[in-house]
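A closer look at the structure
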Amino acid sequence: IERTYLVFGDTMFSGTVALLVKRTDAITAKGEGADGQHRILLTTEGTGTADLYFDVTNGRFIGSNGDQITNIYVTTSGRSAHFVQHASERIHLQMP
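Presented here is an overview of the structure given in this document. (Residues numbered from 1 in each chain as written. Predicted model: local features only at pLDDT ≥ 70, side-chain atom pairs only at ≥ 80, totals over all residues. Heavy atoms only, no water.)

With that out of the way, let us pick up the sheet that holds strand β2 (residues 16-35). Strand pairing in a sheet relies on backbone hydrogen bonds, with the paired strands running either antiparallel or parallel. Taken together, the 5 strands give an open sheet; going across it, the order is β1-β2-β3-β4-β5, and neighbouring strands pair in antiparallel fashion. Of all the strands in the sheet, the pair left with one neighbour each is β1 (2-13) and β5 (79-92). Direction aside, the axes of adjacent strands within the sheet are offset by 15° on average. (Pairing = 2+ DSSP bridges. Helix = DSSP H or I, 4+ residues; strand = E, 2+ residues; numbered from the N terminus. Axes fitted to C-alpha atoms, helices over the stretch in contact; angles between N-to-C directions.)

Below, the discussion takes up unusual backbone geometry. Phi is positive for Ser 14, which is not a glycine, with a value near 50°. For Ser 14, the location among the structural elements is in the loop between β1 and β2. Here Ser 14 falls in the exposed class, since its relative accessible area comes to 58%. Located in the positive-phi region is Ser 77, a residue other than glycine, with phi close to 50°. Position of Ser 77 relative to the elements: it lies in the loop between β4 (60-76) and β5. Exposure remark for Ser 77: the relative accessible area of 48% places this residue in the partly exposed category. (Buried < 20%, exposed > 50% of the residue type's maximum accessible area, 1.4 Å probe, protein only.)

A surface patch of nonpolar side chains, amounting to about 250 Å² of accessible area, comprises Met 12, Val 17 and Val 56. Residue placement: Val 56 occurs in the loop between β3 (38-55) and β4. In this structure Val 56 comes out as partly exposed when scored by relative accessible area, which is 41%. (Patch = residues over 30% accessible without salt bridge, like charges linked within 9 Å, V, L, I, M, F, W, Y side chains within 5 Å. Areas by Shrake-Rupley, 256 points an atom, 1.4 Å probe, with all protein chains shown as cover. Salt bridge = Lys/Arg side-chain N within 4 Å of Asp/Glu carboxyl O.)

Note that every value here comes from positions in space, so none of it alone points to a role or purpose.
Written as structure tokens, this is what we have:
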């Protein structure tokens, strides 16, 4: 996984002044194995982004919004299949 962070500056998040940091992700993976006599090959590639929010007054993480798309390729017994995985994550911490 390769991650890049870029500080954007102050913004509002859930009614709080927050520092916005944008994260960009890139993932690649390859592997192989066997199931009995069948050789299995797996390749993945994906990208994602996340907005990370930090409370500037207290210096705490207060939430994030992220999305990722990953392409998965599986080859076994001479046949190939392609799957696409979409993942979203939303974090909103409640502060006392």
